[in-house]
Amino acid sequence: MEIIKKILFVLLIAFVVAQFFEPDKNEGDLASIDAFMSETNPPKDVKIILKETCFDCHSDVTQYPWYNNITPVNFWLAEHVKDGKKHFNLSNWEGNSTKRKDHKFEELIEMVEQKEMPLNSYTWTHDEAKLTDEQRMAVIDWAKLVRLKYGLEPKPE
């Protein structure tokens, strides 16, 4: 029993020390998504959906929950955001070609249709991110319109 107490004490000390280390936060401002918003022109209902379900992981505008102050949770969240931005980053929209933008919207439609986005791990703690079928259709319809626009744009030579 004494060995278990020692192990628990060491684990407690390690946990306390770990609280002094944290990953860099993904802190940007809303201006970083202006290009995306103006180019894709989502309707008001879709803007709300994007804000509640996409911005935290797919832009530089992350609103961190209180539990982000706890290590190792903060490292898990930081990796989650980094991965989300790797796949679809609204904050660097201007740097993408029309072909890439169109492809990202193709993926967005597929992920929303298949209910793979938003992730379950996100909706567990963000009830507002649980999309109804009507909300999913609003996002999909808007995304299809954006893709149509990209398909009509002249191709660079």
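I will try to describe carefully the structure that is included in this document.

Conventions adopted
- Residues numbered from 1 in each chain as written.
- Predicted model: local features only at pLDDT ≥ 70, side-chain atom pairs only at ≥ 80, totals over all residues.
- Heavy atoms only, no water.
- Axes fitted to C-alpha atoms, helices over the stretch in contact; angles between N-to-C directions.
- Helix = DSSP H or I, 4+ residues; strand = E, 2+ residues; numbered from the N terminus.
- Parallel < 35°, antiparallel > 145°, perpendicular 65-115°, else oblique.
- Left-handed = near helix turned anticlockwise from the far one by under 90°.
- Contact = heavy atoms within 4.5 Å.
- Nonpolar A, V, L, I, M, F, W, Y, C, P; charged D, E, K, R; others polar.
- Patch = residues over 30% accessible without salt bridge, like charges linked within 9 Å, V, L, I, M, F, W, Y side chains within 5 Å.
- Areas by Shrake-Rupley, 256 points an atom, 1.4 Å probe, with all protein chains shown as cover.
- Salt bridge = Lys/Arg side-chain N within 4 Å of Asp/Glu carboxyl O.
- Lys, Arg positive; Asp, Glu negative; His and termini not counted.
- Charge placed at Lys NZ, Arg CZ, Asp CG, Glu CD.
- Buried < 20%, exposed > 50% of the residue type's maximum accessible area, 1.4 Å probe, protein only.

1. With respect to the packing of helix 6 (residues 98-113) against helix 8 (residues 133-152)
The axes of two packed helices give the description: the angle between them and the distance between them. At their nearest, the axes of helix 6 and helix 8 sit 9 Å apart, and the two run at 160° to each other. One finds that helix 6 runs roughly antiparallel with respect to helix 8. Here helix 6 runs over helix 8; the crossing is left-handed. Residues Thr-98, Lys-101, Asp-102, Phe-105, Glu-106, Leu-108, Ile-109, Val-112 and Glu-113 of helix 6 pack against Arg-136, Val-139, Ile-140, Trp-142, Ala-143, Lys-144, Val-146, Arg-147 and Tyr-150 of helix 8. Split by residue class, the contact of helix 6 with helix 8 holds 10 nonpolar, one polar and seven charged.

2. Thoughts on a negative patch on the surface
Taken together, the side chains of Glu-106, Glu-110, Glu-113 and Glu-116 present a region of like negative charge at the surface. Along the polypeptide, Glu-106 turns up in helix 6. For Glu-106, a relative accessible area of 35% puts it in the partly exposed group.

3. Quick word on a nonpolar patch on the surface
Together, Met-1, Ile-3, Ile-4, Ile-7, Leu-8 and Leu-11 give the surface a local cluster of nonpolar side chains, amounting to about 670 Å² of exposed area. Along the chain, Leu-11 turns up in helix 1 (residues 2-18).

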